[in-house]
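# Structure assessment
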Amino acid sequence: MKLFAAALAALVAPATADIYFKEQFNDDAWKDRWTISSDWKSKSELGEWENTAGEWYGGESSDKGIKTSTDARFYGLSSPMAKTFNSSDKKDLVIQYSVKHEQKIDCGGAYIKLMAGGDKFESTKFGGDTPYAVMFGPDICGTSNKRTHVILNYEKKDDNLLIKKNVGCEDDQLSHLYTLVLRPDNTFEVFVDNKSVRAGKLEDEFDFLPAKEIKDPDQSKPEDWVDAAEMVDPEDVKPEGYDDIPMEIPDPDASKPDDWDDEDDGEWEPPMVDNPEFMGPWSPKMIPNPDYKGAWVHPMIANPEYEYDENMYAVCKDGCTHVGFELWQVKSGTIFDDIIVTDSLEEAQTYAEETFFKKKDGEKEMFDAAEKKKREDEEAAMGDEEDFDGMDMDDMDG
């Protein structure tokens with residue numbers, strides 16, 4: 001009986017999740033694990049990364065992330081993963097990290113990338129032109145462009161495919177958790193703060209596949225097809241003399257001024273006014289067309305080039321080995337933290353509970369307190385200005 005129970009427990013026990021990458025930036029050695037893209041842009045174009053918890057945080061001040069610290073700069077940073085993720089293993093790919101826009105961002109990216117390359121990956125040259133497997137995360141510029149990028153590389157098209165529907169993102173000054181799940185059944189799901197915000201099939205949400213149907217090339221609209229809903233009324237004719245009606249006529253209420261002198265002023269002519277009888281260019285009346293057949297619809301046929309691809313999910317066909325940030329920020333101040341790449345959503349959620357959610361409420365309290373103090377200081381400063389403006393010169397001399 002004990003052997004049976006042990007065997008049953010082994011059957012129902014969940015498989016151990018693989019963790020391919022994990023980073024919390026809580027030690028100085030993070031600089032050894034990550035490489036600046038020093039050969040991507042000139043030193044003057046690259047911004048500095050700062051290791052900090054930020055101005056408001058929920059844990060200890062020693063619980064840090066990395067922060068963009070220079071306005072109007074590029075930021076490039078990459079790190080090798082502890083293990084290679086290979087899509088041939090047919091496992092879920094889960095990418096998760098937190099983003100905090102302390103600067104009240106107006107324009108800048110905050111997405112993360114997953115790349116292949118292994119030992120041949122050129123970390124110092126990692127930048128915008130470096131091939132990647134996945135690009136995921138928020139990107140904000142202005143009030144209308146606020147989205148969470150989900151971009152997947154598709155080898156068959158040699159292209160990076162953008163999700164067709166907009167996935168929103170958060171733009172406040174607090175930390176938010178972004179999670180992408182890519183599954184070997186060719187489905188995906190995006191979570192923000194552990195809430196599902198977009199899910200579906202890859203073939204529906206991305207342009208992986210050609211259309212299932214195409215217009216029949218052997219079919220065309222018949223020459224006698226009538227698609228005009230109305231026609232000219234054959235019994236409607238232009239009234240005789242219609243074109244002789246002038247657009248303007250002399251003002252019948254006008255009269256020559258008493259002091260008008262024809263010899264000095266010339267022959268008096270009344271001013272012109274709109275002719276109330278003028279109806280504009282004549283056009284015949286339209287009536288329903290008895291031969292109308294409706295809009296012609298091109299017959300569709302099965303697309304001979306359509307073929308379902310079982311491996312749309314396989315973005316890491318050659319093995320993903322590095323993670324990185326390749327960004328441009330007009331206004332710096334974004335903090336990244338608590339990164340994990342795994343094959344288990346449950347593992348990522350557990351990690352989030354130990355990190356992001358553990359700090360979430362405390363960070364909000366600290367932020368609210370900072371905002372309250374800011375308002376109080378501004379009100380006090382305004383009061384001082386009003387007191388100064390209200391003082392007269394005697395008060396100042398006295």
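Just so you know, these numbers come straight off a predicted model, no measurement behind them.

## Regarding the overall build of the protein
Helix and strand counts for the protein stand at seven helices and 22 strands. Radius of gyration (C-alpha) of the protein: 35 Å, far over the 21 Å computed for a compact globule of 398 residues. Structurally, the protein occupies a C-alpha span of about 120 × 95 × 50 Å along its principal axes. Long-range pairs, those at least 24 residues apart, make up 74% of the contacts in the protein with a sequence separation of at least 6. Surface accessibility of the protein: about 24000 Å² in total, with carbon and sulfur atoms responsible for 49%. Charge separation in the protein, taken as the distance between the mean sites of 44 positive and 93 negative side-chain charges, equals 14 Å.

## A few points about the packing of aromatic side chains
All chains considered together, the criterion is met by 21 aromatic pairs. Between the aromatic rings of Tyr154 and Phe208, the centroid separation amounts to 4.7 Å while the plane-to-plane angle is 75°, which identifies the pairing as edge-to-face. Here the residue Tyr154 occupies a position in strand β10 (residues 145–154), and Phe208 occupies one in the loop between α3 (202–205) and β15 (213–215), the gap between them amounting to 54 residues. The pair Tyr154 / Phe208 is uniform in exposure class, with both members buried. Chaining the aromatic ring pairs together yields one cluster made of Phe21, Phe25, Trp30, Trp34, Trp49, Tyr75, Tyr97, Phe136, Tyr178, Phe325 and Phe336. Taking the ring centre of Phe74 as reference, the NZ or CZ of Lys41 above it sits at 4.4 Å. Taking the ring centre of Tyr20 as reference, the NZ or CZ of Lys83 above it sits at 5.6 Å.

## Observations concerning the state of the cysteines
Enumeration according to the criterion identifies two disulfides in this entry. For Cys316, the disulfide goes to Cys320, at an S-S distance of 1.9 Å. On the S-S bond that ties Cys316 to Cys320, the torsion sits near -90°, and the link is left-handed. Taken as a pair, Cys316 and Cys320 share a single burial class, namely buried. Take Cys169: it sits in no disulfide, and the sulfur closest to it among the cysteines is that of Cys141, at 12 Å.

## Focus: the pairing of strand β9 (residues 134–141)
Among the eight residues in β9, seven count as buried, and that is most of the element. Where strand β7 (residues 107–109) lies against β9, three bridges are found, and the strand directions are antiparallel. Within β9, the residue paired with Cys107 across the bridge is Cys141. Sheet topology note: the strand β8 (residues 112–116)/β9 ladder contains three bridges and is antiparallel. By the bridge assignment for β9, Lys113 is matched with Met135. Remark: three residues form the turn of the hairpin made by β9 and β10, two consecutive strands paired antiparallel; Gly142 in that turn has positive phi of roughly 80°.

## Quick notes on the confidence of the model for the protein
Here the protein averages 91 in pLDDT, while 92% of its residues score no lower than 70. Low pLDDT (under 50) marks residues 1–14, which in the prediction has zero contacts with non-local residues, meaning those over four places away or in another chain.

## Focus on the pairing of strand β11 (residues 159–162)
Relative to β11, β10 runs antiparallel, the two being bridged by four bridges. Each bridged residue has a counterpart across the sheet, and for Leu152 the counterpart in β11 is Leu161. Between β10 and β11, which pair antiparallel one after the other, the connecting turn spans four residues, and Asp158 there sits at a positive phi close to 50°.

## Observations concerning the pattern of salt bridges
Per the stated rule, a full pass over the model turns up 23 salt bridges. The partner of Lys83 in a salt bridge is Asp18, with the nearest N and O atoms 2.9 Å apart. With a gap of 65 residues between them, Lys83 in strand β5 (residues 73–85) and Asp18 in the loop between α1 (2–12) and β1 (19–23) connect regions that are remote in the sequence. Residue classification places Lys83 among the partly exposed positions, given a relative accessible area of 37%. Asp309 is the salt-bridge partner of Lys156, the closest N and O atoms lying 3.5 Å from each other.

## Observations concerning the environment of Trp268
Note on placement: Trp268 falls in the loop between α4 (262–265) and β18 (272–274). Each C-alpha atom of the pair Trp268 and Glu346 lies 95 Å from the other, and the pair is 78 residues apart in sequence. Once residues lying within four places of it in the same chain are set aside, the contact partners of Trp268 are Ala254, Ser255, Lys256, Pro257, Trp260 and Asp262.

## Considering the environment of Val94
Positionally, Val94 belongs in strand β6 (residues 93–101). Taking C-alpha positions, Val94 is 19 Å from Glu310, a pair spaced 216 residues apart along the chain. What Val94 contacts, discounting residues up to four positions off in sequence, is Thr179, Leu180, Val181, Ile340, Val341, Thr342, Asp343, Ser344, Leu345 and Ala348.

How each quantity is defined
Residues numbered from 1 in each chain as written. Predicted model: local features only at pLDDT ≥ 70, side-chain atom pairs only at ≥ 80, totals over all residues. Heavy atoms only, no water. Helix = DSSP H or I, 4+ residues; strand = E, 2+ residues; numbered from the N terminus. Rg over C-alpha atoms; globule rule 2.2 N^0.38 Å. Contact = heavy atoms within 4.5 Å. Areas by Shrake-Rupley, 256 points an atom, 1.4 Å probe, with all protein chains shown as cover. Lys, Arg positive; Asp, Glu negative; His and termini not counted. Charge placed at Lys NZ, Arg CZ, Asp CG, Glu CD. Phe/Tyr/Trp six-rings, centres within 6.5 Å; stacked < 30°, edge-to-face > 60°. Buried < 20%, exposed > 50% of the residue type's maximum accessible area, 1.4 Å probe, protein only. Lys NZ or Arg CZ within 6 Å of the ring centre and 35° of its normal. Disulfide = S-S within 2.5 Å. Pairing = 2+ DSSP bridges. pLDDT = per-residue confidence, 0-100. Salt bridge = Lys/Arg side-chain N within 4 Å of Asp/Glu carboxyl O.

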